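Fold and contact review
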Amino acid sequence: MSKKISGKVSRIAGSFVTAKGMSGAQMFELVKVGEAGVIGEIIRLQGKVAVIQAYEETEGIKLGEKVFGTGKPLSVELGPGLIGQIFDGVQRPLTVISNMYGPLIKRGVEALALDRKKKWAFKPTLKKGTKVTGGDFVGSIQETSLIKNRIMVPPTISGVISDISSEGKYTITDPIAEVRTSGGLESLFLMHTWPVRKPRPYKTMLSPTEPLLSGQRIIDSFFPVAKGGIAATTGGFGTGKTVVLQTLAIWVDADVVVYIGCGERGNEMADVLDRFSKLKLGSSNQSLMNRTIFVANVSNMPIVAREASIYTGISLAEYYRDMGYNVALMADSTSRWAEALREISGRLEEMPGEEGYPAYLASRLAEFYARAGQVQTIGNEDRQGSITVLAAISPPGGDFSEPVTTNTLRIAKVFWALDFALAHRRHFPAINWFMSYSENLPMLEPWFAKVEKDWQKLCNEARTLLKEEEELREIVALIGAEILGDKQRSVFETAKMLKEYFLLQNAFHPVDAYCPIAKTYKMLRTFLKFYDKTKIAIDSGVPLVNILSLPIREKLSRLKTTPTEEFDSVYLEIDKEMNEQFENLESESSGGEDQI
Amino acid sequence: MSKKSHLGLKFFTVREITGPLLFCESVTGVGFGEVVQVITPRGGEQIGQVIDISDEVTVIQVFEGTAGLSVESTAVRFTGETIKLPVSMDMFGRMFTGTGKPADGGPNILPEKYLDIHAPTINPYSREHPTKFIQTGISVIDGLNTLLLGQKLPLLSGTGLPHKLLASQIVRQAKVVGEEEGFTIVFAALGITSDEVTFFRNDFLKMGAMGKVVMFVNRAEEPAIERILTPRMALTAAEYFAFEHNLDVLVILVDMTNYCEALREISASRLEIPGRRGYPGYMYTDLATLYERAGIIKGKKGSVTQMPILTMPDDDITHPIADLTSYITEGQIILDREMFKKGTYPPIDPLPCLSRLMDKGIGAGKTRDDHKQLSDQLYYAYAEGKIVQGTALVSGEKALTSTDKLYLKFMERFEREFISQGFNENRDIEDTLNIGWTLLSILPKSELTRIEPSIIKKYHPNHEKEDSK
Ligand SMILES: Nc1ncnc2c1ncn2[C@@H]1O[C@H](COP(=O)(O)OP(=O)(O)O)[C@@H](O)[C@H]1O
Ligand SMILES: [Mg+2]
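**Considerations on the side chain of Glu469 of chain A**
Residues and elements named next belong to chain A. With respect to the helices and strands, the residue Glu469 is situated in helix H11 (residues 455-479). Looking at Glu469, the relative accessible area reads 4%, which means it is buried. With residues up to four places along the chain from it excluded, the contact list for Glu469 reads Val491, Phe492, Ala495 and Lys499.

**Concerning the sheet that holds strand E10 (residues 120-124) of chain A**
All names here are of chain A. Judged by pairing direction, the sheet is antiparallel, and its four strands sit side by side in the order E13-E12-E10-E15 without closing on themselves. The strands lining the two open edges of the sheet, one partner per strand, are strand E13 (148-152) and strand E15 (168-170). The average undirected angle you get between the axes of adjacent strands in this sheet is 40°. Bridge analysis of strand E12 (residues 137-142) against E13 gives five bridges, and the strand direction is antiparallel. Counted as the bridge partner of Phe137 is Met152 from E13.

**Observations concerning the domain arrangement of chain A**
Domain parsing of chain A yields domain 1 (1-73), domain 2 (120-190), domain 3 (204-440) and domain 4 (455-595). Here domain 2 of chain A and domain 4 of chain A have C-alpha centroids that lie 58 Å from each other.

**Focus on the packing of aromatic side chains**
In the structure shown here, the tally under the stated rule is 34 aromatic pairs over all chains. For the cation-ring pair, Arg200 of chain A lies above Trp194 of chain A, with the distance from its terminal atom to the ring centre recorded as 5.1 Å. The side chain of Arg426 of chain A reaches across the aromatic face of Tyr379 of chain B, ending 3.7 Å from its centre.

**Digging into a nonpolar patch on the surface**
Residues Ile475, Leu478, Ile479 and Ile483 of chain A make up a contiguous nonpolar surface patch of roughly 400 Å² in combined accessible area. As for its position among the elements, Leu478 of chain A is in helix H11.

**A word on the domain arrangement of chain B**
Residue and element names in this part refer to chain B. Segmentation of chain B into domains returns domain 1 (10-82), domain 2 (85-359) and domain 3 (371-468). Measuring from the centre of the C-alpha atoms in domain 1 to the corresponding centre in domain 2 gives 30 Å. At the junction of the two partners, domain 1 supplies 14 residues and domain 2 supplies twelve residues. A buried area of about 1,100 Å², summed over both sides, lies between domain 1 and domain 2, and 62% of it is on carbon and sulfur atoms. Area buried by domain 1 at its contact with domain 2 is led by Pro20, Phe63 and Glu64, which between them contribute 45% of it. Between the two partners, domain 1 and domain 2, sit two salt bridges. Salt-bridge contacts for Arg270 lead to Asp52; the nearest nitrogen and oxygen are separated by 3.8 Å. Across the domain 1-domain 2 interface, the total number found is three residue pairs in polar contact (both at pLDDT 80 or more). Breaking the side of domain 1 that touches domain 2 down by element, the ones donating at least two residues are strand E5 (45-54) and strand E6 (57-62). In terms of residue count, the dominant contributor to the side of domain 1 that touches domain 2 is E5 (four residues). Here the residues of the side of domain 1 that touches domain 2 are counted per class, giving six nonpolar, six polar and two charged.

**Here we look at the site of ligand 1**
Around ligand 1 lies a shell of 16 residues, among which Gly238, Lys241, Thr242 and Val243 of chain A together with Arg356 of chain B are the nearest. At the site occupied by ligand 1, the surrounding residues belong to chains A and B. Between Lys241 of chain A and ligand 1, the recorded distance is 2.7 Å, taken from a side-chain N or O atom to an oxygen atom. Interatomic distance of 2.7 Å between a backbone N/O atom of Val243 of chain A and an oxygen atom of ligand 1. Here ligand 1 loses 93% of its free accessible area of 560 Å² to cover by the protein chains. Ranked by residue count, the leading element in the shell around ligand 1 is helix H3 (residues 241-251) of chain A, at three residues. The residue makeup of the shell around ligand 1, split by class, is seven nonpolar, seven polar and two charged.

Rules behind the numbers
- Residues numbered from 1 in each chain as written.
- Chains lettered and ligands numbered in written order.
- Predicted model: local features only at pLDDT ≥ 70, side-chain atom pairs only at ≥ 80, totals over all residues.
- Heavy atoms only, no water.
- Helix = DSSP H or I, 4+ residues; strand = E, 2+ residues; numbered from the N terminus.
- Buried < 20%, exposed > 50% of the residue type's maximum accessible area, 1.4 Å probe, protein only.
- Contact = heavy atoms within 4.5 Å.
- Pairing = 2+ DSSP bridges.
- Axes fitted to C-alpha atoms, helices over the stretch in contact; angles between N-to-C directions.
- Domains from an automatic or database assignment.
- Phe/Tyr/Trp six-rings, centres within 6.5 Å; stacked < 30°, edge-to-face > 60°.
- Lys NZ or Arg CZ within 6 Å of the ring centre and 35° of its normal.
- Patch = residues over 30% accessible without salt bridge, like charges linked within 9 Å, V, L, I, M, F, W, Y side chains within 5 Å.
- Areas by Shrake-Rupley, 256 points an atom, 1.4 Å probe, with all protein chains shown as cover.
- Salt bridge = Lys/Arg side-chain N within 4 Å of Asp/Glu carboxyl O.
- Buried area = accessible area lost by both parts, 1.4 Å probe.
- Polar contact = N/O pair within 3.5 Å; in protein donor to acceptor, adjacent residues only side chain to side chain.
- Nonpolar A, V, L, I, M, F, W, Y, C, P; charged D, E, K, R; others polar.
- Near = heavy atom within 4 Å.

Below you can see the structure in the form of structure tokens.
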């Protein structure tokens, strides 16, 4: 181990502390400043002078106070007990802090991320003498009812198991195995630590093939994201970024969810915690908390910890990915992370780039997003895991040409563009169906085609219809509605149905909040069938008004709130009634013609 | 008083004065953020704070302005303390300066406590999510953008628009239905004119509410820099009343635009790299440290509800002050110039308005079971009406279908009957919702796709009539 450094404070400005006499210090090393022991990270070294960004308030720190190095960079604790927890940006457990210190987060409060006293039932799966490498499973622990935590050989260790504990109950600091490595004996524990800014290694990056199903109709049908993909949701205030991410955190078919509240509202975190503790996962009787980890560094918590929060979050995600899980990570909002970066850069008096962001904004974003993906994990066993990143971006003034949006969109393959106009008329999710896109779609097509052969065809038809309506609207605005024939009016009417009955989805409605993929398909099919039949009927002389007054329309509007259990029978019934009602219409109208 | 040597001594070490900042030689033992008494050449005393300290230089931000200070004859005295506000329940009925000194000629209060004006963050895990409906008696707020106890909801206005009237109507009418104890009010004036201060003060007096009000006043002619402290003083008092004396406190901060200008001024005098439109890059974080001081804490009875008011330069909602505010607060109520020109009071265009917490505080048992769906449908219909109006403007009435015309009619009556109301008109929530239904009945029932049939059946005024035909 390197010798611990110690220096003296020579400047304090906001959350930045400069210390002199710091010989031997390393970049990103964690240090403790002053009597209060304020924790910070070294972000610049010039000779023996170090600039430290503090994770807590610096008020009261004096010139000349001592600064101690800890010898390691900001790291997270990885082990059982992470799931169901809520941490701040530097992995301090907020529940523990609340219980120990009360409702206000005072400076200098210390609490370890993982519980040292709790005993976990460990089941070894390896024998003495086995050759192991980083990522290999040594044993397992049922961490929650949903997640089996695989105790892994840390990525940095390989060798031969020289000792392993028998099945039994252990704390995270009890040694449970010993590995003879080329450098000597290493003990393994239920936990290990990992520096957050360093991506955990994997064998190979694979190209994703499966969608991350969200239960949101517009996403699953028009703009799906792959497991291992990256989706950005962008929009001005109030357009629904947070609700999209929260809704997805509830419904996505991932094994583990990491939800990062980065520089946003305290009440939103309170809300999401409250809802998650009450909600059950899908139709199971399992609490959602049993697969979710929260990282909450809200807007009035120190910005330096905010900057770290996304790295803390993605390191936790990588840990579960390495066990072979599909992890979904939500970051709300990456703009607040970028702003923290900008503030830090400004304090360092670095040359500002566009909008004052540092020139390395793009590369930092790229480095972060490179940690998403579907991978072949490390370890001898053949195993895959994935991290899907879903990021909110909050562009100033709702202007998508700003640097965080443009730089993210260069990397993210899926874009859910949220629209003020839709939000203002309370059309949620306010995902604009013209501006949004999914470049994941081509590689997911085979998967969807296996579910339903004409899946893609239906989606395309629906999108064409919306486009047609948009064009007609422009024409009408110019020359008036008088010129419209019934055929064209029917475009308006069915597009409206599609928007109101299909795309609109209430995230807070007990049934509508989640739409299984089969239901999404059948709903889409029904509306497009209605449209087809309408066109045919009009061709055979049925006036549009008669079609619009068909009783079936009312039933179509209720499809989305039809509970899943009843849906299939209702769907068949509606299909039958629709056929009958259109047949009647046509025979009536041709009967009418006969009389003339 | 203290063992620390530098405390209490006067230092004539000022080297430079720029804007609100003093640059002094550093003295050992001085802490970052500590309060400094700045002794003026005439013997007066002002408060300042250490905002940057290094071996070479100490930067002091002077809150009451640097006018009249000189390099040679200004002294500084370090206190070793952070900025604190003396608080007690005797503050009610009183008026204080922007830095917390009595401003009504009355005596100093007998402090029960001295509280640091920079409160620590509320642990998100310890927050209680707001759920209680505040009835303001104003339909466009209660019906469409419901305010909850513990929420932070700003009024975004423009110069000359009647936000003062609206704020005063809200203060007068706001109540939590079913709770007897009304609100106590902490009012912070940030760089507004004496007239405006008098308007609010008279208003409180007229309401007989002065005994429930505490005012912190920084007028337009008073130092801009003081405005950095004023909202923090006000919020510290509010938290004390809410969390130590179980009161429901409504904090009014007016005008936040002046606060942000002060922030920009300091940033400029520190030669910081400006962010959007010259405002400092940290304005989001700075505003968040104010706005996030609203809320409810688990296990405590009181609450802090915030209503910041700001005038948008050029009525521009994308201006950083309005934009960042709306990014932090839990929604926004926007006063609209066009509505105002038409003579509508309150001139609120509901479309860009939002109450993010609304859903948690409405519905059966809170307001009424139809509230959410009715509100969604009204939103849809009004937005549709506006689109139709746009079409009609471009291509005339001939471009409209018969349904379009109904939407147009709906829109006009909605503005006249739902949005518009008197300055003294206090509508209860039932009235508000019923007006909504009356207006919706202009439209064919088949258009009401956002409302469930059972709700339509229960509340639609013409339900029976239409069904029988
Ligand atoms: N899918 C949805 N269903 C119902 N309401 C929604 C939905 N999305 C957004 N909303 C409404 O819009 C408001 C703002 O959404 P939010 O996600 O907080 O916006 P943002 O994070 O973009 O500022 C929410 O409080 C809610 O009332
Ligand atoms: Mg949000």
